[in-house]
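This is what each chain is made of:
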Amino acid sequence: MRPSTLRALKRAAELTRQNRLTEAVLVAEPVILNADSYEGDEILRWLADHVTDFTGEDRKENRR
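Reference entry: report on the structure contained in this document. The structure displayed is predicted, hence computed values, not measured ones.

## Some points on the overall build of the protein chain
Phase 1: Across its full length, the protein chain holds five helices and zero strands.
Phase 2: Listing the helices and strands of the protein chain from first to last along the sequence gives α-α-α-α-α.
Phase 3: Taking the principal axes of the C-alpha coordinates as reference, the protein chain spans close to 35 × 25 × 15 Å.
Phase 4: Taken across its 64 residues, the protein chain has 23% of its residues classed as buried.
Phase 5: Considering only residue pairs separated by 6 or more positions, the protein chain has 46% of its internal contacts joining residues 24 or more positions apart.
Phase 6: Summing over all exposed atoms, the protein chain offers an accessible surface of approximately 4800 Å²; the carbon and sulfur share of this is 51%.
Phase 7: Charged side chains of the protein chain number 11 positive and 12 negative; the gap between the two group centres comes to 4 Å.

Here's what the structure looks like:
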C-alpha cells in the first residue's frame, strides 16, 4: 500500500474516533476509489485488521 494511502486511512480512523465522520469519509474515499485491485485488497485487509482504530474499542471486550 502506498504511504499516502496508509496516512489517509489512519487519519480517517482518527477523525472517526473524534465523531467527525463526514471529514473521515472525505479523507478516505478518494484513496479507496482510486486504488487499483491490488491496493484495494491491501486496503480491505488493513481495514479488517484495524477495526478498533475506528471504534476505539478493544475487539476482545466485544467478544464477551
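## Section: unusual backbone geometry
Phase 1: Phi at Asn-19 is positive, roughly 60°, even though this residue is not glycine.
Phase 2: Examined against the element boundaries, Asn-19 turns out to sit in the loop between helix H1 (3-17) and helix H2 (21-34).

## Some remarks on the packing of aromatic side chains
Phase 1: Tallied over the entire structure, the rule returns one aromatic pair.
Phase 2: Summarising the aromatic geometry, the rings of Trp-46 and Phe-54 are spaced 6.3 Å apart at their centres and angled 80° between planes, so their arrangement reads as edge-to-face.
Phase 3: Judged by its relative accessible area of 21%, Phe-54 is partly exposed.

About the thresholds
Residues numbered from 1 in each chain as written. Predicted model: local features only at pLDDT ≥ 70, side-chain atom pairs only at ≥ 80, totals over all residues. Heavy atoms only, no water. Helix = DSSP H or I, 4+ residues; strand = E, 2+ residues; numbered from the N terminus. Buried < 20%, exposed > 50% of the residue type's maximum accessible area, 1.4 Å probe, protein only. Contact = heavy atoms within 4.5 Å. Areas by Shrake-Rupley, 256 points an atom, 1.4 Å probe, with all protein chains shown as cover. Lys, Arg positive; Asp, Glu negative; His and termini not counted. Charge placed at Lys NZ, Arg CZ, Asp CG, Glu CD. Phe/Tyr/Trp six-rings, centres within 6.5 Å; stacked < 30°, edge-to-face > 60°.

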